[in-house]
Amino acid sequence: MSSVIHLLPDHVANQIAAGEVVQRPASVVKELLENAVDAKATNIKLIVKDAGRSLVQVIDNGQGMNVTDARMCFERHATSKIRHAEDLFSLYTKGFRGEALASIAAIAHVELKTKQENDELGTHIIIEGSKFISQDPAVLPKGTSFAVKNLFFNIPARRNFLKSETVEHRHIIDEFQRVALAHPPIHFTFIHNGSELFNLPSSNLRQRIVNLFAGKTNEKLVPISEETEIVKVQGFIAKPEFSKKSRTEQFFFVNDRFIKSGYLHHAVMAAYEGLLKDGMQPAYFIYLEVPPNTIDINIHPTKTEIKFDDEHSLYAILRSTVKHSLGQFNVAPVLDFERDPNLDTPYEYQEKEASMPIIQVDANFNPFAQDKPSKSYSGSSYREKRADAPAWESLYVGLKNDVQEIDVHSFEQVAVSSSLFNDVDLEESQNRTYQIHKKYIVSSIKSGMMVIDQQRAHQRILYEQYLKNMTVQQASSQQLLFPLELYFSVHEIQLLNELKPSLITTGFVFDLIENDKVIISGIPVHITESEVSIVLEELMNDLQSDTPENSFSLNDSIAKSMAKSLAVRTGTYLTEKEQENIVNSLFACKEPDVSPFHKPTFITISVDDLDKKFAI
């Protein structure tokens, strides 16, 4: 019997590996940017077209490669980062697997231009689906340029699996931000479809965060710093009042490598305990520096998961560090009843030296002088004015002191023959509603009674109302006396521009949408000014993962998100009029049985069911 096990060809093995390494265009951006950082580049430029479908290009001024390395870098498990297995425990570079470039070359058209500083000529290589098309010498500047075109051209199923251009572009921005935040000294530039989105000069960490997220980021940052034998912690956390519903501004870096860790996130949330509202998330940019031999990065090809040697100590140190900074900068309240806050030294004056007080002496002052200094007015002139004025008693001269007695007058009395209302109380309505546990509305019906979930019912009412406004007739809006200014990140502004036409039909009026600022002069009638930022943040958070392609799906998603944000919450007391309004409006809807999220809005209990409950 012939053998059935055989080695796969290299191009097939590379395509299989590409399934893990290259999941979407953002994966290509991540690998190429990290290679540029490892090449010790000080200026890195990212150029993207059509959210990475047509082009992803990274240009750097790093070390470059010679002819042999330029050809070898596309082979599987070829890397300059490690040489022995022991090197995995002392990693100071981003990559070490040697799979990324081989995987990218297997599923795209790749063009490489590279040159070392001391070489006269560089190398120009073109690869299409793991096949070397050409390799020629070329006159090039120092550094490397990787251009990845037509991603997934030979894997149509994967290409069709990609999301909309907006979603893929947002993932690219996320990867760009992670690399840019990890390396503030490097100058980064990001160009998408010919327009420059980011131009981040070399700066310190705080300035890099402000340049990336703009708006009022500088106001909300609180520095943290702690150094122990186990870990060195530094970075910034946000003040509790700037917390959001989404987790878009939460970053952990270990040895300048972005990671995801639910365990460390829980440590930060524990430090904020009692300072945040339910469901709110704080922003943080935390950098951990640990010995390389105490972590294991080789967990997943994306290298965003890390195993720590001593997680429990790390948890305690991080939690206490964040809590200490919140208390040090007077963000968290201090439980010291003996302390007088008036005696606290402001933080900006703690390091300033005290200055000598200045004493001013009036040399002409004589406490034994007989003549007192006169006031701003003279007493004689005041008495003269008082003499000229008529005495107050003269105002009452001539008034008679006669007392006139009032005769007793009789008034006509008419007996009330009838009253507007009957003596008996009005008969109460049979359809009166009751609220139970501030959650359910009970209403009687002919066959028994009906129990309505107030939150789900209100969601259905608002959902159909918003959908009608966006498709049939535009809703009215209330103008604000003072325009409302809100600040968002770059990719949130881009998403808001896409949602703008649909939001206008619901009643929003936008005066300006800039790089990081939105000015709103009109809002829907049933929304208060304080709810606007919450509604928009939740809307963008709901559409963060995927933006529907067609307009109806987009309107449907917006209507669902706004209905969820503005519906009356469980635990809210409703008056009898409000309860009746919800009941009547619910059964005026087209589909009153279910909420927008396909959950039942009410149940009915018949009289027979109640009789069975009482049956012996």
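Small disclaimer: the values here were computed from a predicted structure and weren't measured. (Residues numbered from 1 in each chain as written. Predicted model: local features only at pLDDT ≥ 70, side-chain atom pairs only at ≥ 80, totals over all residues. Heavy atoms only, no water.)

K.L.:
I'd love a proper account of the overall build of the protein chain, names of residues and values included.
P.N.:
For the protein chain, the helix and strand inventory stands at 17 helices and 22 strands. Summarising the internal contacts of the protein chain: among those between residues at least 6 apart in sequence, 68% fall at separations of at least 24. Just so you have it, the protein chain exposes about 37500 Å², and 51% of that area is on carbon and sulfur atoms. (Helix = DSSP H or I, 4+ residues; strand = E, 2+ residues; numbered from the N terminus. Contact = heavy atoms within 4.5 Å. Areas by Shrake-Rupley, 256 points an atom, 1.4 Å probe, with all protein chains shown as cover.)

K.L.:
How would you sum up the confidence of the model for the protein chain? Please name residues and give values.
P.N.:
In this model, the protein chain carries an average pLDDT of 80, and 78% of its residues clear a pLDDT of 70 or more. Residue range residues 375–382 is modelled with pLDDT below 50. Its contacts to residues more than four positions away, or to other chains, number zero contacts. Under a pLDDT of 50 for its full length, residues 418–429 has, in the predicted model, zero contacts with residues more than four places off or in other chains. (pLDDT = per-residue confidence, 0-100.)

K.L.:
Kindly report on the packing of aromatic side chains, identifying the contributing residues and their values.
P.N.:
Enumeration according to the criterion identifies 17 aromatic pairs in this entry. Ring centres of Phe-253 and Phe-258 lie 5.9 Å apart, and the angle between their planes is 65°; this geometry places the pair in the edge-to-face category. Each member of the pair, Phe-253 as well as Phe-258, carries the same accessibility label: buried. Here Tyr-263 and Tyr-315 contribute two aromatic rings whose centre-to-centre distance is 5.0 Å and whose plane-to-plane angle is 45°, an arrangement assigned as tilted. With Tyr-263 in helix α9 (residues 262–271) and Tyr-315 in helix α10 (residues 311–328), this pair connects stretches of sequence that are 52 residues apart. The buried category is assigned to Tyr-315, whose relative accessible area is 17%. Ring pairs connect the aromatic residues Phe-213, Phe-251, Phe-253, Phe-258, Phe-285 and Tyr-287, which therefore count as one cluster. One Lys or Arg, Arg-71, reaches over the ring of Phe-132 and ends 3.7 Å from the middle of that ring. (Phe/Tyr/Trp six-rings, centres within 6.5 Å; stacked < 30°, edge-to-face > 60°. Buried < 20%, exposed > 50% of the residue type's maximum accessible area, 1.4 Å probe, protein only. Lys NZ or Arg CZ within 6 Å of the ring centre and 35° of its normal.)

K.L.:
Provide a residue-level description of the sheet that holds strand β20 (residues 509–513), including the pertinent values.
P.N.:
Hydrogen bonding along the main chain pairs the strands of a sheet, whether they run parallel or antiparallel. With antiparallel pairing, three strands are arranged side by side in an open sheet as β19-β21-β20. In this open sheet, the two edge strands, each paired with only one partner strand, are β19 (477–487) and β20. Within this sheet the neighbouring strands show an average axis-to-axis angle of 15°, counted without direction. Across four bridges, β20 lies against strand β21 (residues 517–524) in antiparallel orientation. Among the inter-strand pairings, Leu-512 is bridged to a residue of β21, identified as Ile-519. Lying on the sheet, helix α13 (residues 490–505) is in contact with β20 and β21; it crosses β20 at an angle near 155°. (Pairing = 2+ DSSP bridges. Axes fitted to C-alpha atoms, helices over the stretch in contact; angles between N-to-C directions.)

K.L.:
I'd like a rundown of the sheet that holds strand β4 (residues 122–128), residues and numbers included.
P.N.:
Spatially, the eight strands line up as an open sheet ordered β5-β4-β3-β6-β2-β1-β7-β8, and their pairing is mixed. Here the strands that pair on one side only, and so sit at the sheet edges, are β5 (131–138) and β8 (195–200). Ignoring strand direction, the axes of neighbouring strands in this sheet form an average angle of 10°. With six bridges joining them, strand β1 (residues 43–49) and strand β2 (residues 55–60) adopt antiparallel strand pairing. Each residue of the ladder has a partner; that of Lys-45, found in β2, is Ile-59. Against the sheet, helix α6 (residues 165–182) contacts β1, β7 (187–192) and β8, and its axis sits at roughly 175° relative to β7.

K.L.:
Mind laying out unusual backbone geometry, listing which residues take part and the relevant values?
P.N.:
In the Ramachandran plot, Ala-51 falls in the positive-phi region, its phi being about 55° despite a non-glycine side chain. Looking at where Ala-51 falls in the secondary structure, it is placed in the loop between β1 and β2. Take Ala-51: its relative accessible area is 0%, and that puts it in the buried class. You will see that Asn-150, though not glycine, has its phi angle at about 50°, which is positive. Tracing the backbone shows Asn-150 in the loop between β6 (143–149) and α5 (156–161).

K.L.:
Outline the environment of Glu-289, listing residues and values.
P.N.:
Relative to the helices and strands, Glu-289 resides in strand β13 (residues 284–289). Of the residues examined, Glu-289 reaches a relative accessible area of 47% and is grouped as partly exposed. On a C-alpha basis, the gap between Glu-289 and Phe-253 in space is 8.3 Å, while along the polypeptide they are 36 residues apart. With residues near it in sequence (within four places) discarded, Glu-289 still touches Ile-230, Val-231, Lys-232 and Asn-255.

K.L.:
Residue-level account of the pattern of salt bridges, with values.
P.N.:
All chains considered together, the criterion is met by 11 salt bridges. The salt bridge partner of Glu-168 is Arg-24, with a shortest N-O separation of 3.1 Å. With a gap of 144 residues between them, Glu-168 in helix α6 and Arg-24 in the loop between α1 (10–21) and α2 (25–38) connect regions that are remote in the sequence. Its relative accessible area of 23% is what places Arg-24 among the partly exposed residues. For Arg-460, the salt bridge identified is with Glu-464, shortest N-O distance 3.0 Å. One end of the pair is Arg-460 and the other is Glu-464, both in helix α12 (residues 454–471) and four residues apart, which spans about a single turn. In the salt-bridge network here, residues are joined through shared partners; they are Glu-111, Lys-113 and Lys-149. (Salt bridge = Lys/Arg side-chain N within 4 Å of Asp/Glu carboxyl O.)

K.L.:
Can you lay out α13 for me, pointing to particular residues and giving the numbers?
P.N.:
The end-to-end C-alpha distance of α13 is 24 Å, a good match for the 22 Å that 16 residues give at a rise of 1.5 Å each. Among the residues trailing α13, Gly-507 stands out with phi positive, at a value near 125°. (Expected span 1.5 Å × (residues − 1).)

K.L.:
Please set out the pairing of strand β17 (residues 440–445) residue by residue, giving values where relevant.
P.N.:
Along any regular strand, the residues point their side chains to alternate faces of the sheet. Two elements, strand β16 (residues 433–436) and β17, share four bridges in a ladder whose sense is antiparallel. Bridging across to β17, Thr-433 finds its partner in Ser-443. What sits between the antiparallel neighbours β16 and β17 is a turn of three residues, in which His-437 has the positive phi angle 55°. Where β17 meets strand β18 (residues 448–453), six bridges bridge the pair, whose relative direction is antiparallel. Bridged to Ser-443 within β18 is Met-450.

K.L.:
So, the environment of Gln-234: which residues are in play, and what are the values?
P.N.:
Mapped onto the elements of the fold, Gln-234 is located in strand β10 (residues 232–238). With a relative accessible area of 36%, Gln-234 lands in the partly exposed category. For the pair Gln-234 and Val-322, spaced 88 residues apart in sequence, the C-alpha to C-alpha distance is 9.8 Å. Those residues in contact with Gln-234 that lie beyond four places of it in its chain are Ile-224, Ser-225, Phe-285, Ile-286 and Tyr-287.

K.L.:
Lay out the packing of α9 against α10 in plain terms, naming residues and giving numbers.
P.N.:
Relative to each other, α9 and α10 sit at 35°, their axes nearing to 8 Å. Here the hand of the crossing between α9 and α10 comes out right-handed. Judged by residue contacts, Tyr-263, Leu-264, His-266, Ala-267, Val-268, Ala-270 and Ala-271 of α9 engage Glu-311, His-312, Leu-314, Tyr-315, Leu-318, Arg-319, Val-322, Lys-323 and Leu-326 from α10. Considering only residue class, the contact of α9 with α10 consists of 11 nonpolar, two polar and three charged. (Left-handed = near helix turned anticlockwise from the far one by under 90°. Nonpolar A, V, L, I, M, F, W, Y, C, P; charged D, E, K, R; others polar.)

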